[in-house]
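Structural overview
One-letter residues, chain by chain:
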Amino acid sequence: MEVEGKVINILPERSGVSKQTGEMWRIASYVLEVPGYHPTKMMFEVSDGTQGRIAQLDLREGQYYKIQFEIDAREFNGKWFNTIRAWGAKLMSMTPEEKNM
């Protein structure tokens, strides 16, 4: 899936060590504002993994991007949670409003 919008907030990174593998992990979270008559916001994550994806995407607050992501749900203690994880991003040269002019 993909969506275009403006990164309006970069949240503090989380990191740790996997109990299963002993490997380090790092996740960055961002808030994207999707324009429209009633603008909506979505929070998504970027998992660093072995590829250094956080640095590769280099997302910056105030910039417009086309974000490619996947949505996954998981169950924990009888409750369900969604995870929106980005795997790609393209910096947009114009805002969606400028495109429609």
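Structure's up top.
Residues numbered from 1 in each chain as written. Predicted model: local features only at pLDDT ≥ 70, side-chain atom pairs only at ≥ 80, totals over all residues. Heavy atoms only, no water.

**Let's talk about the side chain of Thr 83**
- Here Thr 83 is to be found in strand β5 (residues 79-91).
- Thr 83 sits in the buried class, given a relative accessible area of 16%.
- A polar contact of 2.9 Å, which involves the side chain of Thr 83, links it to the side chain of Arg 74.
- With residues up to four places along the chain from it excluded, the contact list for Thr 83 reads Glu 45, Glu 70, Ile 71, Asp 72 and Arg 74. (Helix = DSSP H or I, 4+ residues; strand = E, 2+ residues; numbered from the N terminus. Buried < 20%, exposed > 50% of the residue type's maximum accessible area, 1.4 Å probe, protein only. Polar contact = N/O pair within 3.5 Å; in protein donor to acceptor, adjacent residues only side chain to side chain. Contact = heavy atoms within 4.5 Å.)

**Let's talk about the packing of aromatic side chains**
- By the definition in use, this model includes one aromatic pair.
- Geometrically, the ring pair formed by Tyr 30 and Phe 44 is stacked, given 5.4 Å between the ring centres and 20° between the ring planes. One end of the pair, Tyr 30, is in strand β2 (residues 24-34); the other, Phe 44, is in strand β3 (residues 40-47), with 14 residues separating them in the sequence. Each member of the pair Tyr 30 and Phe 44 is classed as buried. (Phe/Tyr/Trp six-rings, centres within 6.5 Å; stacked < 30°, edge-to-face > 60°.)

**A closer look at the pairing of strand β4 (residues 64-76)**
- Bridge count for strand β1 (residues 2-17) against β4 is five bridges, and the pairing is antiparallel. Looking at β4, one finds that Glu 2 is bridged to Gln 68.
- As defined by bridge partners, β4 adjoins β5 across twelve bridges and the pair is classed as antiparallel. Bridge assignment links Phe 69 to a residue of β5, and that residue is Ala 86. (Pairing = 2+ DSSP bridges.)

**Structural notes on the pattern of salt bridges**
- Taken as a whole and assessed by the stated rule, the structure comprises eight salt bridges.
- Glu 2 is paired through a salt bridge with Lys 66; the nearest N and O atoms lie 3.7 Å apart. With Glu 2 in strand β1 and Lys 66 in strand β4, this pair connects stretches of sequence that are 64 residues apart.
- Residue Lys 66 is classed as partly exposed on the basis of its relative accessible area of 23%.
- Overlapping salt bridges, with partners in common, bring together Glu 2, Glu 4 and Lys 66 in one network. (Salt bridge = Lys/Arg side-chain N within 4 Å of Asp/Glu carboxyl O.)

**Focus on the pairing of β1**
- Where β1 meets β2, nine bridges bridge the pair, whose relative direction is antiparallel. The partner of Leu 11 across the bridge, within β2, is Ser 29.

**What to know about the environment of Arg 53**
- Here Arg 53 lies in helix α1 (residues 53-57).
- Using a relative accessible area of 22% as the deciding quantity, one classes Arg 53 as partly exposed.
- Along the chain, Arg 53 and Leu 11 lie 42 residues apart, while their C-alpha atoms are 16 Å from each other.
- The contacts of Arg 53, once residues within four sequence positions are left out, are Val 46, Ser 47, Asp 48, Ala 86 and Trp 87.

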